[in-house]
Amino acid sequence: MADTDKIVIAHRGASGYLPEHTLAGYAMAYALGADYIEPDLVSTRDGELICCHDIHLDRTTDVAMRYPGRARGDGRWYAADFTLAEVKTLQARERVDEHGARVFPGRFDANAHGFTVPAFTELLDLIAALNRQSGRRVGVYPETKSPEFHGAEGLALEPTLFAVLAEYGYTGPDARVFLQSFSPTNLRLMRQEMSSELPMIQLIGDTALEADWITPAGLDAIATYANGIGPDKSLIVAGNGALVHNAHERGLLVHPYTFRADQLGEGYPDLAAELAAYYFDYGVDGVFTDFCDIAVQLLNPSPEPDMLSAARAS
Ligand code: G3P
Ligand code: CA
């Protein structure tokens, strides 16, 4: 784990190395020293939270082959139409685009078997067990995906999310958790109507609508319900770091996304150089990265202690 206040968020697990949102990828991210592991959350038809970036299952699993008659009229397979038991029959795999082409061609074997879609509770069990063995305090950084869609489907994410987090001891403002959403409505619901004290991060994309959110007035508004912002990293570059300064002035953390060795920001020779610019020149507090080992090494260049030594010594 990095020896600094700055944090490393394992984006979709160790997704640069193993298929996104798999227990293997989460375990690898843990072993590589991430401070927080990021699941994106969607709901199954029976109201269980699963770790999946999309409300659809077809870009990251073999659902189309296993359940050929279960697509909706738009030709997509929705997690909300499958029970958890059905989801658990699927093979998770490297992401493909709408044409079936791999999004990151250099990553893990696209035809590999043995990966499944985790229930959120499986990730929490994994973190709890590894934290117990190692003495580390790795946290979880869940994103509520498409909350308006889930509400319309009668599958609201938030009550289940809070119930599960409480069951695993994630309560109060000091819990090792950040809740993140692109939806201000969703964050306001969780903070103000559901009275959650858990740390929350307002994600901000690079759309015209979201441009208002990074103005001084927009940041003032965010500071009324969130603990920080998670901006597209391009928004920091565009203002030459002003967004970081302005957010910090309002007490907001800044955790930009997404840093990838195989999709570098313009002008950087490698991921370490790009991360160094954001951590140390722009002064961000954490990053979402598919390659958490590179960020961990940058923040803590000394050799990582054996993560299980504490368990063996006891
Ligand atoms: O949640 C931060 C970052 O993950 C947002 O992008 O699309 O990967 O969920 P996405
Ligand atoms: Ca995410």
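Structure: above.
Q: Can you walk me through the coordination of the calcium ion (ligand 2) in this structure?
A: Octahedral six-donor coordination of a metal ideally yields angles of 90 or 180 degrees, compared with 109.5 degrees for tetrahedral four-donor coordination. All of the protein donors around the calcium ion (ligand 2) are E38 (OE), D40 (OD) and E143 (OE); their distances to the metal are 2.1 to 2.3 Å. Around the calcium ion (ligand 2) sit six donor atoms; with metal-centred angles ranging over 57 to 160°, the donor geometry is irregular. Read from N- to C-terminus, the donor residues coordinating the calcium ion (ligand 2) fall into the pattern E-x1-D-x102-E. Pair noted here: D40 is in strand β3 (residues 40-43) and E143 is in strand β6 (residues 143-144), with a separation of 103 residues, a long-range link. Assigned by exposure class, D40 and E143 land together as buried.

Q: When you look at the site of ligand 1 in this model, what are you seeing that I'm missing?
A: Neighbouring ligand 1 are H11, R12, E38, D40, H53, E143, K145, Q180, F182, L203, Y257 and F288. Between ligand 1 and the protein, one listed contact pairs an oxygen atom with a side-chain N or O atom of Q180 at 2.5 Å. Compared with its free state, where it exposes 280 Å², ligand 1 has 90% of that area covered by protein. Looking at the shell around ligand 1 residue by residue, the classes come out as four nonpolar, three polar and five charged.

Q: Where do I start with the nonpolar core in this structure?
A: Residues F120 and L165 are the most contacted members of the largest nonpolar core, which totals 59 residues. The biggest single contributor to this core is helix α12 (residues 271-282), with six residues. With near-sequence residues (within four places) excluded, F120 lies in contact with P39, L41, L49, I50, C51, V140, P142, L161, V164 and L165. Counting residues in each nonpolar core, the second largest holds 23 residues, with C52, A79, L90 and A92 among its members.

Q: How do you make sense of the packing of aromatic side chains when you look at a structure like this?
A: The geometry of an aromatic ring pair comes down to the distance between the two centres and the angle between the two planes. Scanning the entire structure with this criterion turns up 12 aromatic pairs. Consider the rings of Y36 and Y141, whose centres lie 6.0 Å apart with planes at 85°: the pair is edge-to-face. One end of the pair, Y36, is in strand β2 (residues 36-38); the other, Y141, is in the loop between β5 (139-140) and β6, and 105 residues separate them in sequence. Just as Y36 is buried, Y141 falls in that class too. Ring geometry for Y279 and F280: centres 6.0 Å apart, planes at 40°, overall tilted. A residue is classified by how much of its surface remains accessible, and F280, at 45% relative accessible area, is partly exposed.

Q: How do you make sense of the sheet that holds β2 when you look at a structure like this?
A: Two modes of strand pairing occur in sheets, parallel and antiparallel, and in both the strands are linked by backbone hydrogen bonds. If you walk across this open sheet you meet the four strands as β5-β2-β1-β11, and the pairing is parallel. Each end of this open sheet is capped by a strand with a single partner; those strands are β5 and β11 (286-289).

Q: Just checking my understanding: could you explain unusual backbone geometry for this structure?
A: What you tend to see is this: most non-glycine residues have negative phi, and most peptide bonds are trans. With an omega dihedral of -15°, the bond running from Y257 to T258 counts as a cis peptide bond. Mapping T258 onto the fold places it in the loop between β10 (253-254) and α12. With a phi angle near 45°, S146 is a residue other than glycine that sits in the positive phi range. Along the chain, S146 turns up in the loop between β6 and α5 (147-152). Residue S146 is classed as partly exposed on the basis of its relative accessible area, which comes to 33%. Phi is positive for N240, which is not a glycine, with a value near 50°.

Q: Would you explain the pairing of β11 in this entry?
A: Regular strands place side chains that alternate from one sheet face to the opposite one. Alternating positions in β11 separate into two faces, G286 and F288 on one and V287 and T289 on the other, with burial throughout. Bridge count between strand β1 (residues 7-11) and β11: four bridges; the pairing is parallel. Bridge assignment links I9 to a residue of β11, and that residue is F288.

Reading the values: rules and limits
Each residue is numbered by its place in its chain's sequence as written, counting from 1. Chains carry letters and ligands carry numbers; both start at the beginning, A for chains and 1 for ligands, and go up in the order they are written. This being a predicted model, a pLDDT of at least 70 is required before a residue's local features are given, and a value of 80 or more before pairs of side-chain atoms are given or counted; all residues contribute to the totals for chains, interfaces and linings. Calculation of side-chain values draws on the structure's entire complement of heavy atoms; hydrogens and water are dropped beforehand. A donor here means an N, O or S atom no more than 2.8 Å from the metal, or no more than 3.2 Å when the metal is Na, K or Ca. Since water is not included, a site may seem to lack partners. Angle rules define the geometry names used: all angles between 85 and 135 degrees makes four donors tetrahedral, while opposite donors over 155 degrees apart and all other angles between 65 and 115 make four donors square planar and six octahedral, leaving every other case irregular. For helices the rule is a DSSP run of H or I covering at least 4 residues; for strands it is a run of E covering at least 2, with both sets numbered from the N terminus onward. For the exposure calls, accessible area comes from a 1.4 Å probe over protein chains only, and a residue counts as buried if that area is under 20% of its type's maximum, exposed if over 50%, partly exposed in between. Being near a molecule or strand, for a residue, means having at least one of its heavy atoms within 4 Å of it. A 3.5 Å cut-off defines polar contacts: any pair of N or O atoms within that distance qualifies, except that in protein one atom must be a possible hydrogen donor and the other a possible acceptor, and neighbouring residues in sequence count only when both atoms are side-chain atoms. Reported accessibility uses the Shrake-Rupley method at a 1.4 Å probe radius. Residues are deemed covered only where the shown protein chains occlude them. We call Asp, Glu, Lys and Arg charged. Ala, Val, Leu, Ile, Met, Phe, Trp, Tyr, Cys and Pro are nonpolar, and the rest, Gly among them, are polar. We define the nonpolar core as a collection of buried residues of types Ala, Val, Leu, Ile, Met, Phe, Trp, Tyr and Cys that are connected through side-chain atoms lying within 4.5 Å of one another. It only takes one pair of heavy atoms within 4.5 Å for two residues to be counted as in contact. For Phe, Tyr and Trp, rings pair up if their centres lie within 6.5 Å, where Trp contributes its six-membered ring, and each pair is then called stacked (planes under 30 degrees apart), edge-to-face (over 60) or tilted (otherwise). Only strands that DSSP links by at least two bridges are regarded as paired with each other.

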